[in-house]
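# Structural characterization, general
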Amino acid sequence: MRVTRRAPRRDGVLISSFGFPTKMGGIDDDRRYFIVIKDFTSSRRRIQKGSLGYLIHRRTGETSVTVENCKQVVNLQEANLKEITKDEAELLVDIQDVSRRYELVQNESLFRSISKVHINDVVQLRRSTKSVGIVKNIEDSRKKNGLGLHGTLFQVSLMDYELENGSDGTFEKNRYFECEQNKAIFMQLSHCKPDARFLTSELKDVHKMPVFTPAKLIQDDLTIEEDVPPIHEDQVLYLMEGRRKGIQGHYNSCYLDSTIFSLFSFTSVLDSILHRPGGHDEKIQQILREDIVNPLRKTGFVNAKKVMKLRKLLGSDTFMSAEKDPEEFINVLLHEVLAADPLLKIRSGEKIQESNCYQIILEKDDKVEVPTVQFLLERSFLSCDLKFEEIPSCLLVQMPRFGKQFKMYTEIMPSLELDITDLLHNSLRQCFICGVAAEYECVQCLLDPMLSPGAIKQYCNTCNSQVHSHKERKDHQFRKFSSPNNVSVKVPFPRHKMELFAVLCIETSHYVSFVKYGSGKYSWLFFDSMADRIGDENIPEITACPQIGDYLMMSEEKLSYTNMKQLDGFAKRLFCDAYMCMYRSPRMCLYK
């Protein structure tokens, strides 16, 4: 159990890492690393188990490798090594005792837990006596060994107490939660102080009773027929924050829980589908509206039983128990069940394609370290020769990652605003050079280092001639695009922008979501439908994460040289695990 209260401590202790995944990057990314799992001798040199190295050449039965502290290439049997990722190798490299490395890798559950340590986590330090501390900072070690690996240093504040006299979640004979013995401690309020990162001008009243999981309430099973609007911003934290809040997960339902919570809790952008006549199954529409969306907005909680009613009617038994992806659920719900109009109409040449989500497809640009969604969407549309036929009321953008393993970019920054003006078909667009109405666009100019690389290049007739008169651009295949006739608009031209309202994230196989609940910069929540488990029940939890607002306001330049290990757990999860970014058009959603 993690206990987050601050206690008297001894600051400044640097702990050599064996526990945090580092950012991948550089020319060594393609190396395949390993740890030796059996002592062996090669060229009269004894190689101990626990030693690290990387593969050079592999052939049947024997592999050529480079091993640390060994100046020459050695050959070994594949049975003597275990392949690991670069991140895992960097977790181990600063552990000088190779036997300790080996023991750690063999203890898979411990190794997995260590790899997920973030700033502000509470950790137990294994020294001569067990100590407890809070991770205050994480940074690369300055030295780099012969394998091209950086170790990691943890700065940990040691606590003098969070556990020889700890409890198992029981306080004065009353049980408030369950955990292993000596894993929890209850503190008097006078011994605690607010975390400085979340201080506001008006501190809320703090209850003196320990936090516990609320019991099931009668209102959990309410069916609400009257329409309930999205929760107002000033009521959100009171109604929604805490444990047993949001949508309760059950049997691999996280893809569905996080999607519904994101689309309906705090926005009405898709409310029209809750009432649209003519659907194939009005029963599903009624369950979604009266058993899930309305109770969620009214009480702040929906139990798993109600969600299972919906899952049973989605047309396939796999929706009741199997892992799914959000786009699969969205397509089945909107298209096959509710027969709703598609959210997107996209032009490809003379053809109009209809869909509910857009998957970003493009070639990776190695010069871009942390791309924005704006950059990725523009590059994808241009490379695939696509345009929006009309302004969408809701735009669901899937990041360039496939399955649960491959990610094209290690980090992606969700753009708070998505400007789609230059991605619209038959719309008035502005010349990149002089600002008057544009007539031509050129994909090849996109990467020109002399023309602000990355920005869409569109020109009026005069500027197009001048730009492409340059000897290095004479072979560019620019083209003329359609634009509205007889339209007179003063400079600057109106822009069509969409607002970010949610981000679905997945690390391995579990979906969670970050959702914006109001207009304020800091109005962000984190939702996990399976944050904890007691008995046979999952406990959903909603956590305020206002710091996300600051991170999303960072400039692209600042983000590009920010050490991701310096980010807190929420921000790191947002940037590294983004799967689908959800945008809405404030103007168009009024008409849909």
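Figured I'd write up the structure that's included with this text. (Residues numbered from 1 in each chain as written. Predicted model: local features only at pLDDT ≥ 70, side-chain atom pairs only at ≥ 80, totals over all residues. Heavy atoms only, no water.)

Secondary structure summary: the protein chain contains 14 helices and 32 strands in total. For the protein chain, the residues scored as buried account for 49% of the 592 residues in total. Entry remark: accessible area of the protein chain is about 30500 Å², with carbon and sulfur atoms responsible for 49%. (Helix = DSSP H or I, 4+ residues; strand = E, 2+ residues; numbered from the N terminus. Buried < 20%, exposed > 50% of the residue type's maximum accessible area, 1.4 Å probe, protein only. Areas by Shrake-Rupley, 256 points an atom, 1.4 Å probe, with all protein chains shown as cover.)

Attention now moves to the pattern of salt bridges. Applying the stated rule across the entire model yields 24 salt bridges. For the salt bridge of Arg347 with Glu350, the shortest nitrogen-to-oxygen distance reads 3.8 Å. The partner of Asp385 in a salt bridge is Arg479, and the shortest N-O contact between them spans 2.5 Å. Of this pair, Asp385 sits in the loop between α10 (373-384) and β20 (386-388) while Arg479 sits in strand β27 (residues 479-480), placing them 94 residues apart in sequence. (Salt bridge = Lys/Arg side-chain N within 4 Å of Asp/Glu carboxyl O.)

A few words now on helix α4 (residues 233-240). When α4 is considered as a whole, its buried residues turn out to be Val236, Leu239 and Met240. Along the long axis of α4, the arc covered by the buried residues comes to 95°, so they all point the same way. Opposite the packed face of α4, turned more than 90 degrees from it, sit the exposed residues Asp234 and Tyr238. Each element contacted by the buried residues of α4 is listed here: β14 (242-243), α5 (254-264), α6 (282-299), β30 (524-534) and β31 (537-544). Just past α4, the residue Gly242 takes up positive phi, approximately 125°. (Arc of directions from axis to C-beta. Contact = heavy atoms within 4.5 Å.)

What follows is about the sheet that holds strand β26 (residues 458-459). Within the open sheet, the 3 strands sit side by side as β26-β25-β27. Their pairing is antiparallel. Either end of the sheet is taken by a strand with one partner, and the two such strands are β26 and β27. As defined by bridge partners, strand β25 (residues 440-441) adjoins β26 across 2 bridges and the pair is classed as antiparallel. Across the sheet, the residue bridging to Glu441 is Gln458, located in β26. (Pairing = 2+ DSSP bridges.)

An α-helix turns once every 3.6 residues. As a result, residues three or four positions apart point the same way. Turning to helix α2 (residues 98-106), its buried residues number three or more, namely Val98, Arg101, Tyr102, Leu104 and Val105. Down the axis of α2, the buried set is contained in an arc of 165°. They therefore lie on one face.

Turning our attention to the side chain of Ser529. Among the secondary structure elements, Ser529 is positioned in strand β30. Polar contacts involving the side chain of Ser529 include one to the side chain of Asp257, which spans 3.0 Å. Setting aside its immediate chain neighbours within four residues, Ser529 contacts Ile247, Gln248, Gly249, Cys254, Asp257, Asn538, Ile539 and Pro540. (Polar contact = N/O pair within 3.5 Å; in protein donor to acceptor, adjacent residues only side chain to side chain.)

At a minimum axis distance of 12 Å, the contact between α5 and helix α7 (residues 304-312) shows a crossing angle of 105°. Between α5 and α7, the interaxial angle falls into the category roughly perpendicular. Counting all contacts with α5, which are made through Tyr255, Leu256, Asp257 and Ile260, the residues of α7 involved are Val307, Leu310 and Arg311. (Axes fitted to C-alpha atoms, helices over the stretch in contact; angles between N-to-C directions. Parallel < 35°, antiparallel > 145°, perpendicular 65-115°, else oblique.)

The values are spatial; any link to function lies outside them.
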